[in-house]
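# What the coordinates show
What follows is each chain in one-letter form.
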Amino acid sequence: VLDPQTCQCSCEDCTGPQTVLDPQTCQCSCEDCTGPQTILDPQTCECSCEDCTGPQTVLDPQTCQCSCEDCTGPQTILDPQTCECSCEDCTGPQTILDPQTCQCSCPD
């Protein structure tokens, strides 16, 4: 854009989601992502989390922390590293554990 007062050229202001103007190239871009969301969409300038990898598949979009799905069924003990569910240990005289039903029984 040519300023008729100064005969100097300047860039047009950015419109849309890209608000960062490079005065050398007159190209508009997005602001960098801050906080836990590090993936930038260059079209919308929205930041999002990286996908979960490994056994933790549940993503918290606010903190970008991945966690395990809750245990269902008789296995209620969750290993946060492997996301595997297991039974509570048997207590008392019943020491034989059925890993499918999580039922304790007496030794033979």
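Our subject is the structure listed above.
Nothing here was measured: the structure is a model prediction, and the numbers come from that model.

Parameters at a glance
Residues numbered from 1 in each chain as written. Predicted model: local features only at pLDDT ≥ 70, side-chain atom pairs only at ≥ 80, totals over all residues. Heavy atoms only, no water. Helix = DSSP H or I, 4+ residues; strand = E, 2+ residues; numbered from the N terminus. Rg over C-alpha atoms; globule rule 2.2 N^0.38 Å. Buried < 20%, exposed > 50% of the residue type's maximum accessible area, 1.4 Å probe, protein only. Polar contact = N/O pair within 3.5 Å; in protein donor to acceptor, adjacent residues only side chain to side chain. Contact = heavy atoms within 4.5 Å. Disulfide = S-S within 2.5 Å.

## Considerations on the overall build of the chain
Broken down by element type, the chain carries zero helices and 12 strands. From first element to last, N terminus to C terminus, the chain shows the α and β order β-β-β-β-β-β-β-β-β-β-β-β. Over its C-alpha atoms the chain spans a radius of gyration of 28 Å, topping by over 25% the 13 Å that the globule rule assigns to 108 residues. By its C-alpha atoms, the chain is 100 × 15 × 15 Å across when sized along the principal axes. Expressed as a percentage of its 108 residues, the buried residues of the chain come to 12%.

## Quick notes on unusual backbone geometry
Unusually for a residue other than glycine, Cys7 sits at a positive phi of about 55°. You can see Cys7 is positioned in the loop between strand E1 (2–3) and strand E2 (8–9). Not every positive phi belongs to a glycine, and Cys26 is a case in point at roughly 60°. The exposure class of Cys26 is partly exposed, given its relative accessible area of 40%.

## Some remarks on the side chain of Gln56
Structurally, Gln56 can be placed in the loop between strand E6 (47–48) and strand E7 (58–59). A polar contact of 2.7 Å, which involves the side chain of Gln56, links it to the backbone oxygen of Pro80. Setting aside chain neighbours within four positions, we find Gln56 in contact with Cys66, Ser67, Cys68, Pro80, Gln81 and Cys83.

## Section: the state of the cysteines
Using the criterion set out here, one finds 10 disulfides in the structure. Put simply, Cys14 and Cys28 are joined by a disulfide, and their sulfur atoms are 2.1 Å apart. In this structure, the disulfide formed by Cys14 and Cys28 twists by about -95° around the S-S bond and is classed as left-handed. With a gap of 14 residues between them, Cys14 in the loop between E2 and strand E3 (20–22) and Cys28 in strand E4 (residues 27–29) connect regions that are remote in the sequence. Under the relative-accessibility criterion, Cys28 is labelled partly exposed at 29%.

## Brief notes about the environment of Asp79
Take Asp79: it is sitting in the loop between strand E9 (77–78) and strand E10 (85–86). According to the relative accessible area criterion, Asp79 is partly exposed, its value standing at 31%. Measuring from C-alpha to C-alpha, the distance between Asp79 and Cys68 comes to 8.6 Å, with 11 residues separating the pair along the chain. Apart from residues lying up to four places away in sequence, Asp79 is in contact with Cys68 and Glu84.

Shape is all these values report; function is a separate question.
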